[in-house]
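# Coordinates in review
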Amino acid sequence: MGRADRISGIFWLCFAVLMIIQSYHLGLGTLHKPGAGFLFFWVNIVLGIMSLVVLFRAWAGKKGEGPQPAIFGRQNVSKIVFVMISLFLYVLLMEPVGFIPVTFLFFIYLLGIIEKKKWYYTVFVSIVVTVISYLIFETWLQSQLPKGLLQFLRF
Amino acid sequence: MDIFQSVLYGFQVALQPLNLIYCFFGVMIGTLVGVLPGLGPAAAIALLLPTTFKATPVSGVIMLAGIYYGAMYGGSTTSILVNIPGEAASVVTCIDGHQMALRGRAGPALGISAFGSFIAGTLAVIALTLVGPLLAGIALRFGPPEFCALMIVGIMVLTFLSSGSMLKALMMAAVGLTLGGAGMDSISGKYRFTFNIQALLDGVGLVPVVMGLFGIAEVIENLETEIKREILTTKVKNLLPNLKDWAASIWPIIRGSILGFFLGIIPGGGAIVASFASYAIEKKVSKHPEEFGKGAIAGVAGPEAANNAAAGASFIPLLTLGIPSNAIMAIFLGALMIHGLQPGPLLMTRAPDIFWGTIVSMYIGNGMLLVLNLPLIPLWVMVLRVPYYLLYPLILLFCMIGAYSIGNNAADVIIMLIFGIVGYLMRKFRYDAPPLVLALVLGGELESSLRQSLMLSRGDFSIFVTRPITLGFLIVAVLLLVVPIITQRKKLSTLEDSP
């Protein structure tokens, strides 16, 4: 875990430093009356020290190591990225476009494009999932899902 | 109220038709979640939390509890039939359970794990009934320093038992504490760590974080390494174990129940550790240790009993002290708070319907699980055949709807997605998520008890060493930190690698 620890160690060190500065500006107060930043200042100093230990261990173990295995498997990274993009698009479009059309398109995209299933299967499953999830969450559990473009239907 | 009257009152609450229905739904969904790999009880409780908003607090809590112990039952089914643990506490069941299935004894394996779970679950609930009021009585005498020290012990135990590096687990606890500080400071009224982002003004919500770390991250990880599942095609028959099976299983079940109960009660312990410890013990005391790994029924009965007893016992620190003992209880704490309840020693007197109603519903739920699960096994096997390309879009959709309906707010969904990516990276870089979640939940309470203690003592830290209970807790915390450094720590989790 040499290289992975070097990367993560640097990340958490930066995180700790940022939080130490933020907490300091919030005010540490006195011991009699600890301020808003008191606990977080000290917690992040400890976090910073621990990230340094992770970093030093990683560097100390660097010598004599063979070639490092890749942190991420290559084959499916693109799939993960495409799925994550669709999730972020789902959130952004959910309120303006509405739950029903976005959920339908989300399933068409995942099953038809990412998983490359047959189109009639994809359309059938997408319709069934959209209708059933709407009935469960909106009609039964009254979750108030966004209606978006279908506002005019008032169902 | 004495205990007898209290339990009677609990039955009155739990037997109300509506509560029975919620209990039924809880255990059914729990079993389903346990069966499905890629969705653990932590994510499931977080996911379904918004569905309880319309219910009364009692019904909601009863259902969420049902999901938790129901998942412990369901997890064993996949371990035995497919050799894939539905959730972490059933990892051990794979070893001998699947071997039994390969030898045509899937029926008795499923049967004994259901009976073992039932016996252990019931014993744990009885113990919870007896120990709960006692502990709550002691906790009533706690002041801010005691609570502060107790929470530190809780976090320390969880990092001590974490599956990876303890150093990294401690780092995650520190990150969790810091995240818990985001939003408005309740004492000074200042906004902290919001970076002028609107969504952070109310703080980082527990539910989106948990759904991200345990739900979304799990899906991403599974997308990377496609799950291949081979389902046993033979018919499952003879679910009822015979007399010889019972003779071999009864003591492992009893030992597993006792062990599980005590490990479950310790903050940071819990079902996973209990099941591994029970397996190790059964192998050691067995007259035929060579049979372990080749389909020994004791290797199924013991761990299954232990993980159910631990699941029941882990409610004790939460309901009596307000301290969650593991990540799932941390979400449970969040759920109680959303329903306007403050778990702790006062819960029993302020909301006896919640306390006793929930406990008694566990007796009923355990009974339901036993009756339901054996005949429904063919249905669960069918669920297992649902292909992953259909399952993961559904899990993602449920997470999205769940996170949105917490506050009808897209910001919560974005927080969940970000923590999904963070959670995936944490898995890749070998950082444990449970300490982060526990510290995030306890953060607010820990900070205010620390600040109150220092105000009480006028800034004198000796308040933490002059009070005997506080000193005791802190000594335990320090030992947990120092012992692994001095001795070569032999972790229970290394058992995970040995079979």
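Residues numbered from 1 in each chain as written. Chains lettered and ligands numbered in written order. Predicted model: local features only at pLDDT ≥ 70, side-chain atom pairs only at ≥ 80, totals over all residues. Heavy atoms only, no water.

### Quick look at the overall build of chain B
Helix and strand counts for chain B come out as 21 helices and 2 strands. Here the C-alpha atoms of chain B give a radius of gyration of 22 Å, agreeing with the 23 Å that 2.2 N^0.38 yields for 499 residues. Here chain B holds 499 residues, and 62% of them are scored as buried. In chain B, the proportion of contacts linking residues at least 24 apart, taken out of those at least 6 apart, comes to 78%. Surface summary for chain B: the accessible area is close to 18,500 Å², and the carbon and sulfur share equals 67%. Both charge centroids of chain B, one from 28 positive and one from 24 negative side chains, sit 4 Å from each other. (Helix = DSSP H or I, 4+ residues; strand = E, 2+ residues; numbered from the N terminus. Rg over C-alpha atoms; globule rule 2.2 N^0.38 Å. Buried < 20%, exposed > 50% of the residue type's maximum accessible area, 1.4 Å probe, protein only. Contact = heavy atoms within 4.5 Å. Areas by Shrake-Rupley, 256 points an atom, 1.4 Å probe, with all protein chains shown as cover. Lys, Arg positive; Asp, Glu negative; His and termini not counted. Charge placed at Lys NZ, Arg CZ, Asp CG, Glu CD.)

### Some details on the packing of helix α1 (residues 2–26) of chain A against helix α8 (residues 166–180) of chain B
Where α1 of chain A meets α8 of chain B, the axes come as close as 12 Å, and the angle between the chain directions of the two elements is 30 degrees. Here α1 of chain A and α8 of chain B pass one another in a crossing that is left-handed. Note on element contacts: α8 of chain B touches α1 of chain A through Lys 168, Met 171, Met 172, Val 175 and Thr 178 of chain B, opposite Asp 5, Trp 12, Phe 15 and Met 19 of chain A. Residues that form the contact of α1 of chain A with α8 of chain B fall into these classes: 6 nonpolar, 1 polar and 2 charged. (Axes fitted to C-alpha atoms, helices over the stretch in contact; angles between N-to-C directions. Left-handed = near helix turned anticlockwise from the far one by under 90°. Nonpolar A, V, L, I, M, F, W, Y, C, P; charged D, E, K, R; others polar.)

### Brief notes about the nonpolar core
All names here are of chain B. Within the largest apolar cluster, 207 residues are counted, with the highest numbers of intra-cluster contacts made by Leu 213, Phe 214, Phe 315, Phe 332, Tyr 392 and Met 416. The biggest single contributor to this core is helix α16 (residues 352–384), with 17 residues. Phe 332 has contacts with Val 61, Leu 64, Ala 65, Phe 315 and Leu 318, leaving out every residue within four places of it along the chain. Residues Val 92, Tyr 279, Phe 292 and Ala 298 belong to the second largest nonpolar core, which totals 6 residues. (Core = buried A, V, L, I, M, F, W, Y, C linked by side-chain atoms within 4.5 Å.)

### Let's talk about the interface of chain B and chain A
Counting residues at the interface gives 57 residues for chain B, matched by 65 residues for chain A. Approximately 5,800 Å² of surface area, both sides summed, lies buried where chain B meets chain A, with 77% of it carried by carbon and sulfur atoms. Viewed at the interface, chain A and chain B are joined by 1 salt bridge. Lys 168 of chain B is paired through a salt bridge with Asp 5 of chain A; the nearest N and O atoms lie 2.7 Å apart. Put simply, the parts of the chain that give the side of chain B that touches chain A at least two residues each are α8, β2 (191–192), α9 (206–224), α17 (388–407), α18 (410–428) and α19 (434–456) of chain B. By residue number, the principal contributor to the side of chain B that touches chain A is α17 of chain B, which donates 12 residues. Of the residues belonging to the side of chain B that touches chain A, the class tally is 38 nonpolar, 7 polar and 12 charged. (Buried area = accessible area lost by both parts, 1.4 Å probe. Salt bridge = Lys/Arg side-chain N within 4 Å of Asp/Glu carboxyl O.)

### With respect to the packing of aromatic side chains
Across all of its chains, the model carries 24 aromatic pairs over all chains by this definition. Arranged with centres 6.4 Å apart and planes meeting at 70 degrees, the rings of Tyr 121 of chain A and Tyr 389 of chain B form a pair that is edge-to-face. With Tyr 121 of chain A in helix α5 (residues 119–140) and Tyr 389 of chain B in helix α17, this pair bridges two chains. An aromatic cluster of at least three residues, connected via ring pairs, comprises Phe 11, Trp 12 and Phe 15 of chain A together with Tyr 431 of chain B. A cation over an aromatic ring shows up here: Lys 117 of chain A above the ring of Tyr 389 of chain B, its NZ or CZ 3.8 Å from the ring centre. In this structure, Lys 168 of chain B is placed above the aromatic ring of Tyr 431 of chain B, and the distance from its NZ or CZ to the ring centre is 4.8 Å. (Phe/Tyr/Trp six-rings, centres within 6.5 Å; stacked < 30°, edge-to-face > 60°. Lys NZ or Arg CZ within 6 Å of the ring centre and 35° of its normal.)

### Structural notes on the confidence of the model for chain B
Chain-level pLDDT for chain B is 83 on average; 93% of the residues reach the 70-or-more range. Two numbers describe this predicted complex: its pTM, 0.83, and its ipTM, 0.90. (pLDDT = per-residue confidence, 0-100.)

### As for α8 of chain B
When the terminal C-alpha atoms of α8 of chain B are compared, their 21 Å separation across 15 residues agrees well with the 21 Å that a helix rising 1.5 Å per residue should span. Summarising burial for α8 of chain B: 14 of the 15 residues are buried, a large majority. (Expected span 1.5 Å × (residues − 1).)

### Some words on empty space enclosed by the protein
All names here are of chain B. This model, assessed by the stated rule, comprises 5 cavities of 30 Å³ or more. Computed from the structure, the largest cavity encloses a volume of approximately 70 Å³. As for the largest cavity, its lining consists of Tyr 73, Ser 76, Thr 77, Leu 110, Ser 113, Ala 114, Ser 117, Glu 304, Asn 373 and Ile 377. At the level of elements, α4 (57–82), α6 (106–139) and α16 are the ones that each hand at least two residues to the lining of the largest cavity. If one sorts the elements of the lining of the largest cavity by residue count, α6 sits on top with 4 residues. Here the lining of the largest cavity is composed, by residue class, of 4 nonpolar, 5 polar and 1 charged. (1 Å grid on protein atoms, 1.4 Å probe; cavity = no way out; pocket = protein on both sides within 12 Å on 5 of 7 lines; lining within 4 Å. Points joined across faces, edges and corners; volume = space filled by probe spheres on them.)

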